[in-house]
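Report on the structure
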Amino acid sequence: MNILLVCTGNTCRSSMAEGIFRQMLIDSDIDNINVSSAGLSAFDGDVANQKAVDVLKDRGIDISKHRARQLTGEMINSSDLILTMTYGHKMSILNYSPQSKGKVFTLKEYARKTNGENTDNINLDIDDPYGMNYRVYGSVMNEIRIEIESIINKLKKQQSN
């Protein structure tokens, strides 16, 4: 399975989500899942934001070698699941690639749907920490971690069946 995480610049949220997701897959002994990330308005080759690198480093996750990638049609087509950081990101992908409907969700939306929870009347966006202080990056990282942990728990249950 190929999972693609998407935000705007691929230097903060989606790069953190990729690092967290990869580490949780390793920690959970879940194989056959490839995780990558990209941005809707990324500059190919940009490094991850230093605050994103630092908050993950404090958790034992190294994304210092991350390089931003611009989202392409090929990435969309080769992904089995695309998780975006905001509803706006989701709609941008669906407008570009209507045939990808059914595999594009916000991270929060997918985490809730996989656990049978309702997504009505809740904010499905993960706020952009760009330009904010270290504490905000930590808060966003924790928010992302909680959502991915929920998805990982569901994957572990599926693997054990």
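Now for a look at the structure at hand. (Residues numbered from 1 in each chain as written. Predicted model: local features only at pLDDT ≥ 70, side-chain atom pairs only at ≥ 80, totals over all residues. Heavy atoms only, no water.)

1. With respect to the layout of surface pockets
Put simply, the largest pocket is a space of about 240 Å³. Along its surface, the largest pocket is lined by 15 residues, and Glu 18, Gly 19, Arg 22, Asp 62 and Ile 63 are the ones closest to its centre. Of all the secondary structure elements, the ones that give two or more residues to the lining of the largest pocket are α1 (13-27) and β2 (34-39). The biggest single contributor to the lining of the largest pocket is α1, with six residues. The computed volume of the second largest pocket comes to approximately 150 Å³. Together, 13 residues line the second largest pocket, and Thr 8, Gly 9, Asn 10, Thr 11 and Tyr 130 are the ones closest to its centre. Among the residues making up the lining of the second largest pocket, the classes are represented as five nonpolar, five polar and three charged. (1 Å grid on protein atoms, 1.4 Å probe; cavity = no way out; pocket = protein on both sides within 12 Å on 5 of 7 lines; lining within 4 Å. Points joined across faces, edges and corners; volume = space filled by probe spheres on them. Helix = DSSP H or I, 4+ residues; strand = E, 2+ residues; numbered from the N terminus. Nonpolar A, V, L, I, M, F, W, Y, C, P; charged D, E, K, R; others polar.)

2. Section: the pattern of salt bridges
Summed over all chains, the structure comprises six salt bridges. Where Arg 22 meets Glu 18, a salt bridge forms, and the shortest distance between an N and an O atom there is 2.9 Å. Here Arg 22 pairs with Glu 18, and both are found in helix α1, just four residues apart, close to one helical turn. Using a relative accessible area of 42% as the deciding quantity, one classes Arg 22 as partly exposed. A salt bridge links Glu 147 to Arg 112, with the nearest nitrogen and oxygen atoms 2.8 Å apart. Here Glu 147 is found in helix α6 (residues 134-160), whereas its partner Arg 112 is found in helix α5 (residues 107-114), with 35 residues between them in sequence. (Salt bridge = Lys/Arg side-chain N within 4 Å of Asp/Glu carboxyl O. Buried < 20%, exposed > 50% of the residue type's maximum accessible area, 1.4 Å probe, protein only.)

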